[in-house]
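# A structural walkthrough
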Amino acid sequence: MKKLTLTSVALCALLAAPALADDWRPTQPMTMVIGFAAGGSTDIQGRVLARTLEEYFGQPVNVVNQPGGGGAVALTRFMNAEPDGHTFMFGVMLGLTFSPIVTEVEYEIDDFRYAATLVGGQFGVIAAGDAPYQTFEELIEYGRENPMSYAQQLPMDQAIMMRIAEQEGLDLAIAPTGGGGGVAPLLLGGEVDFAFSGGIHSQYVPTGEMNLLAFFTRERSPFYPDVPTLMDLGYPYAMDDYRGFFLPGGTPDEIVQAFENAARFAVEHEPFVQVTVENTQHPIVFMDGAETEATLREIRTANEALMAN
Amino acid sequence: MDFSAVGAAAAEALTLASFIGIGGGVLLGYIVGVIPGLSRSVAISIAIPMTFYMSPFIAISFLIGLSKGTAAGSAVSAILLNAPGEASSAATALDGYPMAKKGKPKTALQIGLIASVLGDILATIILIFVAIPFARVALLFGPYEMAAILAFALVFIAGLSGGSIFKGLAAGGLGIFLGTIGLDNQTGLPRLTFGYTELMDGMPLIAVAIGTLALSEMFVQSEKLRYDRENMSVALKKDSSDRITWPIFRNILPTILRGTGVGTFVGALPGLGPSVGSFMSYGMAQKAAKDPETFGKGNPKGIAASESADNAVIPAALIPLFGLGIPGNVSAALLIGAFAIHGITVGPLLLRDNPELLYSIFAGMILASVIMLALGWFGLMFFAQITRVPPHVVIPIVIFFCLAGMMLQGYGTFGLIILMAFALLGYLMKKYDYSFVTFLVAFIITPMLELNLRQSIILSRGNVAILLDRPIALFFIACTALALITLIIRTFRTGKPAANAPAD
Amino acid sequence: MPRSDFWSGLAVAGFGLLALLWMIPNYAGSNPFARMPPGLVPSIGAWLMVVCGGIVAAKGLVQMLRAGIAPFTADLHWGAVAWAAWPFAYVAVAIWFMSFIKITWFGAFLIGGMLILLGERRWWMILGCSVVPVALLYVLSVYLMRVGVV
């Protein structure tokens, strides 16, 4: 049981591995940095999480949005924050596992400490509900006869799809969408045949307007256990993303430990779990600090290999 | 329509708690909108933590009231200070400020308010009765159509720029160039960012808009203080003729209706946003008028056109949101977040699973419009007093709010530097008569146009014949060509556009 | 105003040329997948600036030659220039200050100082106008937006 999804399972893990004691407590109001604009799924989870932490730490937690560059702007500024635990980040791994590969950024994985992971990502392949294919295999079959089009969101899912298209002999046109909101009109309007979903499927799959064909992630989604991952289908590609607590580089161990324990508290705290699972449709995934950092490096290596050519 | 649900909805909309929630939202939005430097996104970030404590219906109505309030409030500073709080109210300032200077500030404010409220209510009614069943029509507008519409908007609005047409086009060129800064939307590689992480998402629109619209205007006015201290403030006399009259209203009503139509159309198409709507509407009013040369000199139709479209966009942006689950613009996208906090998924299912909530929200929206009218009408008496405050007192306070507003957005020192650079640019453009309106519109439209053009080229695989199946796109391409040809002919005949909107 | 047309047109065209010759080739990047390279749209903007700015400058030059106006003026009013420039310097210094101190802590002095420079002398006016907006900002940032003191 390496990564734990769903809260009930997380609870068992807590019993199995009891929290280490920590003596650190904040002495003044805290600031939670979010690298995305107000209103997005990271922001919604973060704001509810801030209230959970207020309960846990007994200090007010202010939320500061620093949007830009998929979290890169916030990470750049956060690197120089005071490592006293009063400023921390509810961060998205993509800023560390992906941005440094394609752009010049001033930070590296080693510039931060990682206290815990709380939320997992859900990258999927979607098609319109009334498309002539209902599974990824059928899509490939169909694509061998017909020219296909795909709406991308990140250069990584584009790279994966290009390789699959090459391998399977598809004639694939890949169009940019410039963000999550742009995919739905293209797919529902029939402009593209299939598309990347960073989470919008949660909204359209229940209505039957869209159909999940596969997941990019390493493990299957707990919400859709029947939908295979690309790895299950035999393609050696994966794209993962997790969200958790990041701290500035020089933060002492006891503070990191305190945040790890806070994360243990949060993944059991009803409002946070409810908002994350039911409202933003992201799975709760708890990992401790060491595992978070190891996973981060693992994903980074995989992404580097993927983007190498 | 299920009438018992409608009745229950109306009943919920008319409770005291909803009055307080919606009224509070409108009031808060109005105040934030009035203060230049604080924009709609500040209002929304204030609102999000507040909505945690509200019921879903009140939370949503509160947020919609807030959006409506900022749209109406930003007209006040546009008219009285020539410093629009939002890019979408920049068109309002073109005629509102001259009209206020001519001694009719109250009339100008009243026209702005009535146009706002009417545009708002009519668009809400369209949303309720017509749009949701027909929301799918928006899906007919794929990348080809969007690219054609955006190109048309760009050329059409460029043709509005006053003064020298070449200066207008040069300003547009600068807007296009600066609008392309940021990550390439396909490869994610940086483009023209010069190695700065902060530029990866492009020049922040808020900094550009506040800089060129509000802060630069304060520099222009502080310079004028040296020469013209006595005549600077808009005189507010006890002038009984300074109010909206029936003939004025009758005169502007067709303009309001047209503005509402334009605003609803623009709002219903995902991605275009209120600035495109208000400028398109302003341009169409000018083209349709018998006296286009009076635009920019205090023509009431200019205010009515811009404000009605600006406000109509807000409910219209909910058409694709409620009909298809696609947010029409940034504010609508934030509403998805607010719904999510309350465990509601926005989209077509809302009508099926939760009709009471949807009807309550509609009732709340109408209520918000009525509250806005009442609040605005009384607020007008109060806000018109701003004109009594001499400009040398207004200038430092507005500058302070511009700086503070940038800090509240979380862009840090970088945002302040961008703000300052664009304030300087805006000052120079106003001083040397380069149209900052063309600049701003080009800056806003270029990224969307490029993305849609790219999608079209890739998805058509370079096959132009695909356009033959796209009558809507062909229509707008024809419009663009026509607008372009008229622009060129006018340029070579006189070197001046026919329409005479001044650059400031 | 042929003189200002000439110089402003020249500046715009110059910036366009700078963009075309240096910025776009060096910083636009490349995109092997797109049929529209990333440098295309910025180049269109830059060409517009070069051509239209050039026309504005040329027109200004012709008018200057016809009217016999020199490209420079000797009777520059330094007082007027200084008056136009000081608010920019004032705000620039304020921005520099903001990288050390939060604007809430010195905002009152920022407003008050500018009020005095603009000629306000009534002490109660200065006090009221400088303290009230800052108090408003404090309430806004700390209690309403909950981002802490900015």
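All values reported here derive from a predicted model rather than from experimental measurement. (Residues numbered from 1 in each chain as written. Chains lettered and ligands numbered in written order. Predicted model: local features only at pLDDT ≥ 70, side-chain atom pairs only at ≥ 80, totals over all residues.)

### Comments concerning the overall build of chain C
The number of helices and strands found in chain C is five helices and zero strands. Starting at the N terminus and ending at the C terminus, chain C contains elements arranged as α-α-α-α-α. Relative to the 2.2 N^0.38 estimate, which gives 15 Å for 150 residues, the radius of gyration of chain C is 24 Å and therefore markedly larger than a compact globule would have. Projected onto its principal axes, the C-alpha coordinates of chain C cover approximately 55 × 55 × 20 Å. Residue pairs in contact within chain C that sit at least 24 positions apart in sequence constitute 60% of those at least 6 positions apart. (Helix = DSSP H or I, 4+ residues; strand = E, 2+ residues; numbered from the N terminus. Rg over C-alpha atoms; globule rule 2.2 N^0.38 Å. Contact = placed C-beta atoms within 7 Å.)

### Here we look at the overall build of chain B
When its secondary structure is counted, chain B shows 20 helices and two strands. Taking all 504 residues of chain B together, the buried fraction comes to 67%. (Buried ≥ 20, exposed ≤ 12 C-beta atoms within 10 Å, placed from the backbone.)

### As for the interface of chain B and chain C
For an interface, size is often stated in terms of accessible area lost upon the parts coming together. Facing the 52 residues of chain B at the interface are 55 residues of chain C. Among the elements of the structure, helix H3 (40–51), helix H8 (165–179), strand E2 (190–191), helix H9 (205–228), helix H17 (391–409), helix H18 (412–431) and helix H19 (436–459) of chain B are those that each provide at least two residues to the side of chain B that touches chain C. When residues of the side of chain B that touches chain C are assigned to their parent elements, the largest contribution, twelve residues, is made by H17(B). Across the side of chain B that touches chain C, the residue classes break down as 33 nonpolar, twelve polar and seven charged. (Nonpolar A, V, L, I, M, F, W, Y, C, P; charged D, E, K, R; others polar.)

### Observations concerning the confidence of the model for chain B
Detailed reading of the predicted coordinates is not advisable wherever pLDDT is low. Taken over all residues, the pLDDT of chain B has a mean of 83, while the share at 70 or more is 89%. Confidence drops under pLDDT 50 across residues 495–504 of chain B; counting only partners more than four residues distant or on other chains, this segment forms 34 contacts. (pLDDT = per-residue confidence, 0-100.)

### Quick notes on the packing of helix H11 (residues 274–288) of chain B against helix H12 (residues 300–316) of chain B
To describe two helices that pack against each other, one gives the angle between their axes and the distance between the axes. Residues and elements named next belong to chain B. Relative orientation of the contacting elements H11 and H12 amounts to 150 degrees, with a least axis distance of 8 Å. Of the possible angle classes, the one that applies to H11 and H12 is roughly antiparallel. Considering only the axes of H11 and H12, their crossing is right-handed. For the pair H11 and H12, the contacting residues are Pro274, Gly277, Ser278, Ser281, Tyr282 and Ala285 in the first and Lys301, Gly302, Ala305, Ser306, Ser308, Ala309, Asp310 and Val313 in the second. Considered class by class, the residues forming the contact of H11 with H12 number six nonpolar, six polar and two charged. (Axes fitted to C-alpha atoms, helices over the stretch in contact; angles between N-to-C directions. Parallel < 35°, antiparallel > 145°, perpendicular 65-115°, else oblique. Left-handed = near helix turned anticlockwise from the far one by under 90°.)

### Thoughts on the nonpolar core
When a protein is soluble and globular, its nonpolar side chains tend to lie buried together. A:Phe259, B:Ala170, B:Val398, B:Leu403 and B:Leu419 are the most contacted members of the largest nonpolar core, which has 313 residues in total. Residue contacts for B:Leu403: discarding those within four places in its chain leaves B:Leu416, C:Ala94, C:Met98 and C:Ile103. (Core = buried A, V, L, I, M, F, W, Y, C linked by C-beta atoms within 7 Å.)

### As for the pairing of strand E4 (residues 87–92) of chain A
Residue and element names in this part refer to chain A. Among the six residues that make up E4, five are buried, leaving the element largely enclosed by the rest of the structure. Taken together, the four bridges between E4 and strand E11 (residues 242–248) define a ladder with antiparallel strand orientation. Opposite valine 92, over in E11, you have arginine 243 as the bridge partner. (Pairing = 2+ DSSP bridges.)

### Quick word on unusual backbone geometry
Residues and elements named next belong to chain B. Phi angles above zero are rare outside glycine, and leucine 192 is one such case at about 55 degrees. Tracing the backbone shows leucine 192 in the loop between E2 and H9. Even without being a glycine, arginine 461 presents a positive backbone phi close to 55 degrees. Take arginine 461: it is sitting in the loop between H19 and helix H20 (471–494).

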